Amino acid sequence: MEDKNDLLKVAYEAVENSGDVQEAITRIRDLYGLHHCVFHLGQTHVDTLDRPFVKTTYPDAWVSRYLLKGYVTVDPVAREGFLRMLPFNWQDLEYGEEQAEMMRDAVQYDVGTSGYSIPVVDRQARRSLFSITSTLGGDEWKDFIEMNGPELQEVAHRVHRRALEEIFGEVDPMPPLGPREIECLTWTARGKEYTVIADILGLSGHTVRGYLKSARFKLECATLPQAVAKAVALKIITP
Amino acid sequence: MFFLIQATDYNRHRHLLDQMYRLRKRVFHDELEWDVPVFGDHKRDSYDDMKPAYLLWTDEQKTTLYGSLRLLPTTGPTLLNDVFRKTYPKDVDLCHPTIWEGTRMCIDAEEIASDMPEIDPQDAMCMMLMALAECALDNSIHTLVSNYEPHMKRIYNRAGAPLNEIGKADGFGRRPVCCGLFEVSRRTIEAMREKTGHTGIYARDGARRPAAPKRAWIPGASSSERVNWVGAA
């Protein structure tokens, strides 16, 4: 459990400390031992971009090929990714003849043999798609996603905010903490485990964990100690 | 069968979505008298434009709708946060990719009574909750935030579904509306399975699976088939 937390912590730092989104996804790829990462910010009527914001670690040869073959209109990941809300495995996509051919071509160009995409939606209803590929397959890939999927969803949101910063120079604040989140965080600051906090506040342990997860996410921290420290620094809680 | 449809599959299941909007109008506007937007005989709100995932319960041919529920991630705009903000404590405003909002849960008691008379409305609700929990676990959802009328607590209880009430408000309908957190984990699903006797009723590939040949689906009678739905995915 400790190790897993450390990985997310390093991932948050990698996104935070990178010079740009390109560097961030490259570091995330290396950190999780992935084959490639792609980040694609969706167009919304709120924000109009001059050109699509897509960052990828794919080989240049594949990017050229993709454009040359006009795969942008074929690509089932891009087509379904902005319609779906839940993360999905690429094997669950709908493949026609063209799509199957494109995916075979992609494998030839070293894109990877398995893929997983995470749709991101924020409070302003802006969307993006964070995709990862791997050379793992079968059960190994399934296990990898089961173990790292929820964590990578958080990473996807971090990259999303990083991209908004890069494009617009600033990003709107995360939602404020609610009273229960503040209470749970305060008791955490006083060294109480979530089961103890649950007893103190008359909530279930799972509910306390939910509030703490949400508080940590709103504070944009990978670990609870970091979230506590940040909340103290921002004078949201007094331990 | 119980399955999810996302925006990729709205078109091929347009008739089911139409039934869903009409059912929601009957349940929430006509019966519960909630103050909700209605267009003709449809009940739609702006959150239906957010490309939500819907959990549907239909017959094997996917022609008749028995129940529905709408799922949205709490990282984005959500009904409970936006609409209930004035009356609920801020506690409702959770935000995390693995915490989702489940709203507009309803069943068509008449269709169920006519097609599956052995299932009473309370059992039907329990089955919706069971399918919801299975579907959430399958999609790495850790917690569901839901709104419900007070009497629904008995149903959650009957389904063995752990529910933590976090807010309550008057003024939406005839009765108060509550907001609660529904825990999803392997442990809670096991407990629900034991209590309800239902297991593996959520079909991961349901939206895109070819419709089955026409015949009655009797829950409990074809357990081997239902296990296959999960195994096939």
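Quick caveat: nothing in here was measured; it's all calculated off a predicted structure.

Peer 1: I'd like a rundown of the overall build of chain B, residues and numbers included.
Peer 2: The secondary structure content of chain B amounts to seven helices and seven strands. Along chain B, helices and strands appear, N-terminal first, in the series β-α-β-β-α-β-α-α-β-α-β-β-α-α. Counting only residues that meet the buried cut, chain B has 46% of its 233 residues in that class. Taking the intrachain contacts of chain B between residues at least 6 apart in sequence as the baseline, contacts between residues at least 24 apart amount to 71%.

Peer 1: Describe the pairing of strand E1 (residues 36-41) of chain A, with residues and values.
Peer 2: Residues and elements named next belong to chain A. Counting buried positions along E1 yields six of six residues, so the element is predominantly enclosed. Of the strand pairs in this sheet, E1 and strand E5 (residues 127-134) are connected by six bridges, and their pairing is antiparallel. Paired with histidine 36 across the bridge in E5 is threonine 133. Pairing geometry for E1 and strand E2 (residues 53-56), over four bridges, is antiparallel.

Peer 1: Summarise the domain arrangement of chain A; cite the residues concerned and give the values.
Peer 2: Each assigned domain of chain A is listed with its residue range as follows: domain 1 (2-168) and domain 2 (179-233). Relative to domain 2 of chain A, the C-alpha centre of domain 1 of chain A lies at a distance of 30 Å.

Peer 1: Give me the lowdown on the interface of chain B and chain A, citing residues and values where you can.
Peer 2: Many structure descriptions define interface size as the accessible area lost when the parts assemble. Contacts between the two partners involve 28 residues from chain B, matched on the other side by 27 residues from chain A. Split into classes, the residues belonging to the side of chain B that touches chain A amount to 13 nonpolar, ten polar and five charged.

Peer 1: Could you give an account of the packing of helix H8 (residues 194-201) of chain A against helix H9 (residues 205-218) of chain A, with specific residues and numbers?
Peer 2: Residue and element names in this part refer to chain A. Contact pair H8 / H9: the axes reach a minimum separation of 8 Å and the direction vectors enclose 105 degrees. The orientation of H8 relative to H9 falls into the category roughly perpendicular. Across the interface between the two elements, Tyr194, Thr195, Ile197, Ala198 and Leu201 from H8 touch Gly205, Val208, Arg209 and Leu212 from H9. Its residues placed into classes, the contact of H8 with H9 shows six nonpolar, two polar and one charged.

So, how was this worked out
- Residues numbered from 1 in each chain as written.
- Chains lettered and ligands numbered in written order.
- Predicted model: local features only at pLDDT ≥ 70, side-chain atom pairs only at ≥ 80, totals over all residues.
- Helix = DSSP H or I, 4+ residues; strand = E, 2+ residues; numbered from the N terminus.
- Buried ≥ 20, exposed ≤ 12 C-beta atoms within 10 Å, placed from the backbone.
- Contact = placed C-beta atoms within 7 Å.
- Pairing = 2+ DSSP bridges.
- Domains from an automatic or database assignment.
- Nonpolar A, V, L, I, M, F, W, Y, C, P; charged D, E, K, R; others polar.
- Axes fitted to C-alpha atoms, helices over the stretch in contact; angles between N-to-C directions.
- Parallel < 35°, antiparallel > 145°, perpendicular 65-115°, else oblique.

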